[in-house]
Amino acid sequence: KKGGEACTTSVECGRTRHCHDSVCKDFFSIPDGQKITPFDPNGDDMKLCVSGWALVFKSKLEDEGGICGTGYRSIKAGETCTINQGCPVCKGVGCTVPATEVYSTCRCSWEAGRNQFCGIEEANDQWIAVRTTFKAYYDATTTCHVGEGWGECEEASLYRKYMCARASAIYYHEDILVASCVKDIANQKAFPAVATVEQWCDRGNASRLSTYLFGVASVLVTLIW
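Quick notes on the rules
Residues numbered from 1 in each chain as written. Predicted model: local features only at pLDDT ≥ 70, side-chain atom pairs only at ≥ 80, totals over all residues. Heavy atoms only, no water. Helix = DSSP H or I, 4+ residues; strand = E, 2+ residues; numbered from the N terminus. Buried < 20%, exposed > 50% of the residue type's maximum accessible area, 1.4 Å probe, protein only. Polar contact = N/O pair within 3.5 Å; in protein donor to acceptor, adjacent residues only side chain to side chain. Lys, Arg positive; Asp, Glu negative; His and termini not counted. Salt bridge = Lys/Arg side-chain N within 4 Å of Asp/Glu carboxyl O. Contact = heavy atoms within 4.5 Å. Axes fitted to C-alpha atoms, helices over the stretch in contact; angles between N-to-C directions. Parallel < 35°, antiparallel > 145°, perpendicular 65-115°, else oblique. Left-handed = near helix turned anticlockwise from the far one by under 90°. Nonpolar A, V, L, I, M, F, W, Y, C, P; charged D, E, K, R; others polar. Pairing = 2+ DSSP bridges.

### Here we look at the environment of Asn187
Stage number 1. Its location among the elements puts Asn187 in the loop between α4 (180-185) and α5 (192-201).
Stage number 2. Exposure remark for Asn187: the relative accessible area of 7% places this residue in the buried category.
Stage number 3. Sequence spacing of Asn187 and Gln199 is 12 residues, and the spatial spacing of their C-alpha atoms is 9.4 Å.
Stage number 4. Within polar-contact distance, the side chain of Asn187 engages the backbone oxygen of Ile185 at 3.2 Å.

### Quick notes on the side chain of Arg131
Stage number 1. The residue Arg131 is located in helix α1 (residues 125-140) in this model.
Stage number 2. Of the side chains with opposite charge, Glu122 lies nearest to the buried Arg131, which makes no salt bridge, at 7.1 Å.
Stage number 3. Filtering out sequence-adjacent residues up to four positions away, Arg131 remains in contact with Ser51, Gly52, Trp53 and Glu122.

### Brief notes about the packing of α1 against helix α2 (residues 156-170)
When two helices pack together, you describe them by how their axes are tilted relative to each other and by the distance separating the axes.
Stage number 1. Where α1 contacts α2, the axes come no closer than 8 Å and their chain directions differ by 155 degrees. Judged by the angle between their axes, α1 and α2 are roughly antiparallel. As for the relative orientation of α1 and α2, their crossing is left-handed in sense. Across the interface between the two elements, Gln126, Trp127, Ala129, Val130, Thr133, Phe134, Ala136, Tyr137 and Ala140 of α1 pack against Leu158, Tyr159, Lys161, Tyr162, Ala165, Arg166, Ala169 and Ile170 of α2.
Stage number 2. Within the contact of α1 with α2, the residues separate by chemical class into 13 nonpolar, two polar and two charged.

### What to know about the pairing of strand β2 (residues 23-26)
Stage number 1. Pairing analysis gives four bridges linking strand β1 (residues 17-20) to β2, with the strands arranged antiparallel. By the bridge assignment, Arg17 is partnered in β2 with Asp26.
Stage number 2. Between β1 and the antiparallel strand that follows it, β2, lie two residues; Asp21 among them carries a positive phi value of about 55 degrees.

### Regarding the pattern of salt bridges
Stage number 1. Counted according to the given criterion, the structure contains six salt bridges.
Stage number 2. Residue Asp26 is joined to Arg17 by a salt bridge in which the shortest nitrogen-to-oxygen separation is 2.6 Å.
Stage number 3. Residues Arg107 and Glu174 are paired through a salt bridge, measuring 2.9 Å at the closest nitrogen-oxygen approach. One end of the pair, Arg107, is in strand β6 (residues 106-108); the other, Glu174, is in helix α3 (residues 172-175), with 67 residues separating them in the sequence.

### Details of the packing of α2 against α5
Stage number 1. Contact geometry for α2 and α5: axes closest at 8 Å, N-to-C directions at 155 degrees. In terms of orientation, α2 and α5 fall into the roughly antiparallel class. Our pair here, α2 against α5, has a crossing hand that is left-handed. Contact residues: α2 offers Tyr159, Arg160, Met163, Cys164, Ala167 and Ser168, while α5 offers Thr196, Val197, Gln199, Trp200 and Cys201.
Stage number 2. For the contact of α2 with α5, the per-class residue count stands at seven nonpolar, three polar and one charged.

Below you can see the structure in the form of structure tokens.
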């Protein structure tokens, strides 16, 4: 279907559109500053924004979820912490002034010291990389059949770059400074988050082998010396 036509699922809208609020809308078409309503941060709604991202609602003090081109940045991402209040955020790429009563998440990693670290938000470099790699992949696959979904679609290299960036952002806490011994045994039953990052980012033959043995689709690369 064309943009503006009624829909019930995104499949009806084709590869380059998304069924949002029962209407087919073009991906990357809503100007920054405009609010997406309704807004689901876990679906494809963000991809409607020209910039490919929108603010994820975090504070009870403001209802800004879904505003295109706006988001929080974790100021101390990757630094050790003990509570969420030790992980201030600010609004916008490159910002420095902390927002009021809004924080990133302080969580443990699988690093050897068992420390807790401040997480990342949508304006941090890791999520910027997700949007950049997805756009490159998307631009190269607009002629693919909608049934392919967000699959490889004959663009294996671009797809893997996107999936690596995505896994690294989603599992940031689990993967930060992860101990080498954890990488060596990671699979989809033990340390699945680490195994997923290893799988898509081609880091560590042992993890990719373990992932395969536990029934997860992965590519085993054989090096011939």
